[in-house]
Amino acid sequence: MATAPKLDLMADQGRTIDPAEEAAFLDAIDRWLERRVIPVVMHHDHNDIWPAELVAEMAEMGLFGATIGQQYGGLGLPATTYAKIVMKISSYWMAITGIFNSHLIMAAAVERFGTPEQKAKWLPKFATGEIRGGLALTEPNAGTDLQAIRTVARRDGDHYVINGTKTWISNALNGSCFALLVKTDPDASPRYKGMSLFIADKRDGFTTGKKFDKLGYKSIDSAELVFQDYRAPADQLIGGVEGQGFFQATGGLELGRINVAARGVGLSEGSLRLATQYAQERHTMGKPIAEHQAIQLKLGEMVTRARAARLLTLDAAEAYDRGDRCDMEAGMAKYFASEAAVENSQEAMRIYGGYSYSKEYDIERYYRDSLLMCIGEGTNEMQRMIIAKQWLKMNPA
Ligand SMILES: Cc1cc2nc3c(=O)[nH]c(=O)nc-3n(C[C@H](O)[C@H](O)[C@H](O)COP(=O)(O)OP(=O)(O)OC[C@H]3O[C@@H](n4cnc5c(N)ncnc54)[C@H](O)[C@@H]3O)c2cc1C
């Protein structure tokens with residue numbers, strides 16, 4: 001079993017916000033959604049168009065620096081406020097949250113584990129969105145089993161020469177910089193001791209593959225990153241010490257899981273909102289279908305699931321902001337909220353009947369997008385096993 005080296009996992013914990021300031025920020029997000037996002041979501045999603053104008057507006061609102069500390073030009077938001085923003089946006093269009101969320105996971109790795117020079121150099125540019133990117137862990141042969149990655153970095157003077165391929169990387173084409181997980185010692189035993197994390201900016205030796213044609217999560221680009229004799233300056237090794245990459249890459253998982261949970265909450269609540277409206281407008285047998293008991297049973301379950309998902313997610317985020325250990329809470333929130341998103345979107349599809357199958361209605365997007373939530377930040381199969389293991393450890397016989 002791997003044990004974590006001493007790392008500053010708490011760098012972004014203990015944050016608070018004035019409730020009035022939080023409410024004002026959330027109001028601004030509401031207005032932006034109404035005026036700018038809702039009118040264009042269907043066109044962008046159906047045509048898989050990267051929303052350049054919305055990305056510029058997200059940068060103006062500070063979303064690319066939402067969780068980056070204020071000393072680096074970010075908003076320094078607590079996890080609870082960030083989760084509420086993600087819930088709100090995801091209740092209309094989950095995919096665009098991925099554009100700043102993957103970027104913020106990269107930024108968190110630098111903020112928590114980077115050297116003072118790395119933080120000073122990279123974080124201000126990440127915070128404004130001048131440099132945007134994401135997290136590059138997964139490889140064609142290794143997703144869940146991250147320690148099986150094959151990308152290798154070999155020291156060569158004041159550089160590392162990196163060779164390998166990453167796949168399924170969010171923001172691959174439109175981003176210019178990634179937190180890249182590699183092996184600096186492929187023969188290390190245990191395997192995690194040979195892993196390191198680099199800040200990899202696009203330059204010679206770093207190319208991208210074709211944009212993947214996905215079921216959902218449209219408009220945000222996912223593709224391969226290919227490294228062929230890519231020379232990374234040694235000062236781009238995060239933290240400056242080899243062998244810490246596995247913990248640096250997985251050290252942000254609590255916040256990552258709270259973020260995916262928040263997306264799940266947004267999808268659950270959005271599906272509920274659409275189904276509630278449709279059920280009151282659609283009539284059969286002389287009355288709105290909302291008055292049929294079969295539909296009421298569905299709505300009753302959906303509203304309960306959405307509420308439970310929200311409460312579990314805020315519970316984990318509040319624990320995170322207090323600086324408490326919350327890996328199990330974040331895991332439970334991620335698991336429950338992502339399953340709630342799938343179930344609520346499927347139930348909403350049934351309430352819409354035949355129209356659910358038409359791309360003229362929004363609900364089919366919620367169904368397509370929700371399925372991803374069960375895969376990212378640790379699959380839900382792994383999530384349940386991790387929750388159970390932690391629970392058993394806390395409750396020895
Ligand atoms: C749209 C999209 C965006 C993504 N964005 C990114 C990104 O930005 N950066 C990035 O690095 N990756 C990204 N990923 C990759 C994602 O993180 C992986 O797909 C995920 O980690 C699962 O890995 P895998 O696909 O290799 O599945 P596998 O690891 O092959 O798993 C296959 C199945 O086996 C199960 N399984 C595996 N091991 C075990 C075990 N030990 N016990 C029980 N069950 C097990 C899994 O739960 C799953 O059901 C993205 C994926 C998608 C689809």
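These numbers were taken from a predicted model, which means no experiment stands behind them. (Residues numbered from 1 in each chain as written. Predicted model: local features only at pLDDT ≥ 70, side-chain atom pairs only at ≥ 80, totals over all residues.)

**With respect to the pairing of strand β5 (residues 195-201)**
Quick reminder of the rule: Three exposure classes are used, all based on how many other C-beta atoms lie within 10 Å of a residue's own C-beta (placed from the backbone): buried at 20 or more, exposed at 12 or fewer, and partly exposed between those limits. Helix and strand labels come from DSSP, where a helix needs a run of H or I of at least four residues and a strand needs a run of E of at least two; each type is numbered from the N terminus. A pair of strands is treated as paired once DSSP finds two or more bridges between them.
Along β5, six of the seven residues are buried, which leaves the element largely enclosed by surrounding structure. Where strand β4 (residues 177-183) and β5 come together, seven bridges link them in antiparallel fashion. When the bridges of β5 are listed, L180 appears paired with F198.

**Thoughts on unusual backbone geometry**
Cis peptide bonds are those with omega within 30 degrees of zero, and the linkage from S189 to P190 qualifies with -5°. Within the element layout of this structure, P190 appears in the loop between β4 and β5. The backbone of D48 shows a phi angle near 55°, a positive value even though the residue is not glycine. Position of D48 relative to the elements: it lies in the loop between α2 (41-47) and α3 (52-61). Using a count of 15 C-beta atoms within 10 Å as the deciding quantity, one classes D48 as partly exposed. You will see that E377, though not glycine, has its phi angle at about 55°, which is positive. When you line up the elements, E377 lands in the loop between α11 (363-373) and α12 (380-394). On the basis of neighbour count, E377 is assigned to the buried category, with 25 C-beta atoms found within 10 Å.

**Considering the domain arrangement of the chain**
In many analyses, interface size is given as the accessible surface area lost on bringing the parts together. Stated formally: Each domain's limits were defined by an automated method or a database of domain assignments. C-beta atoms are placed from the backbone for every residue, and two residues are taken to be in contact when these atoms lie within 7 Å. As a working rule, the residues Ala, Val, Leu, Ile, Met, Phe, Trp, Tyr, Cys and Pro are called nonpolar, Asp, Glu, Lys and Arg charged, and the rest polar, with Gly in that last group.
You can read the domains of the chain as domain 1 (19-132), domain 2 (134-249) and domain 3 (252-394). On a C-alpha basis, the centroid separation for the pair domain 1 and domain 2 is 23 Å. Contacts between the two partners involve 24 residues from domain 1, matched on the other side by 23 residues from domain 2. Looking at the side of domain 1 that touches domain 2, the elements that each hand over two or more residues are α2, α5 (97-113) and α6 (116-128). In terms of residue count, the dominant contributor to the side of domain 1 that touches domain 2 is α5 (nine residues). Broken down by class, the residue content of the side of domain 1 that touches domain 2 amounts to 13 nonpolar, seven polar and four charged.

**A short note on the UniProt feature "domain: Acyl-CoA dehydrogenase/oxidase N-terminal" (unreviewed entry) in the chain**
What counts, and what does not: UniProt positions are given in the numbering used here, feature names are shortened, and annotations may be inferred rather than shown by experiment.
Per the UniProt record, "domain: Acyl-CoA dehydrogenase/oxidase N-terminal" (unreviewed entry) is annotated on residues 20-130. When the span residues 20-130 is considered, its composition is 72% helix and 0% strand, and the gap between its end C-alpha atoms is 29 Å.

**Comments concerning the nonpolar core**
Considering soluble globular proteins, one finds that nonpolar side chains tend to be buried as a cluster. Which entries qualify depends on this criterion: Nonpolar cores are identified as sets of buried Ala, Val, Leu, Ile, Met, Phe, Trp, Tyr and Cys residues joined via C-beta atoms within 7 Å.
Formed by 110 residues in total, the largest nonpolar core has its most connected members in F178, F198, I258 and A316. No other element matches the 13 residues that helix α10 (residues 327-352) contributes to this core. The contacts of F198, once residues within four sequence positions are left out, are A153, L180, V182, A232, Q236, L237 and I238.

**Focus: the packing of α5 against α6**
As a reminder of what qualifies: Each axis is a line fitted through C-alpha atoms, and for a helix only the stretch in contact is used; angles between axes span 0 to 180 degrees, taken between their N-to-C directions. To sort the angles, those under 35 degrees are grouped as roughly parallel, those over 145 as roughly antiparallel, those from 65 to 115 as roughly perpendicular, and the leftovers as oblique. Crossings are assigned a handedness: left-handed for a near helix turned anticlockwise from the far helix by less than a right angle, right-handed for a clockwise turn.
The N-to-C vectors of α5 and α6 enclose an angle of 160°; their axes lie 10 Å apart at closest approach. Put simply, α5 runs roughly antiparallel to α6. α6 is crossed by α5, and the crossing has left-handed handedness. Of α6, the residues touching α5 (which contributes H103, A107, V110 and E111) are Q118, K119, W122, L123 and F126. Its residues assigned to classes, the contact of α5 with α6 shows five nonpolar, two polar and two charged.

**Some remarks on the site of the ligand**
Rules: Whether a residue is near a molecule or strand depends on its C-beta atom, placed from the backbone, lying within 6 Å of it.
In the vicinity of the ligand, 20 residues are found, and the nearest of them are L137, G143, T144, S170 and T379. Considering only residue class, the shell around the ligand consists of nine nonpolar, nine polar and two charged.

**Quick look at the UniProt feature "domain: Acyl-CoA dehydrogenase/oxidase C-terminal" (unreviewed entry) in the chain**
Mapped onto this numbering, the UniProt entry gives "domain: Acyl-CoA dehydrogenase/oxidase C-terminal" (unreviewed entry) at residues 243-390. For residues 243-390, helix accounts for 76% and strand for 3%, while the C-alpha atoms at its two ends are 26 Å apart.

**Regarding the environment of I238**
Mapped onto the fold, I238 is located in the loop between β7 (222-233) and α7 (245-250). The spacing of I238 and T115 is 123 residues in sequence and 7.0 Å in space, taken between C-alpha atoms. In this structure, I238 is in contact with A109, V110, F113, G114, Q118, L197, F198, I199 and Q248, ignoring residues within four places of it in sequence.

**Considerations on the pairing of β7**
As paired elements, strand β3 (residues 159-170) and β7 share nine bridges and run antiparallel to each other. Within β7, the residue paired with H159 across the bridge is P233. Bridge count between strand β6 (residues 206-208) and β7: three bridges; the pairing is antiparallel. Each residue of the ladder has a partner; that of F206, found in β7, is F227.

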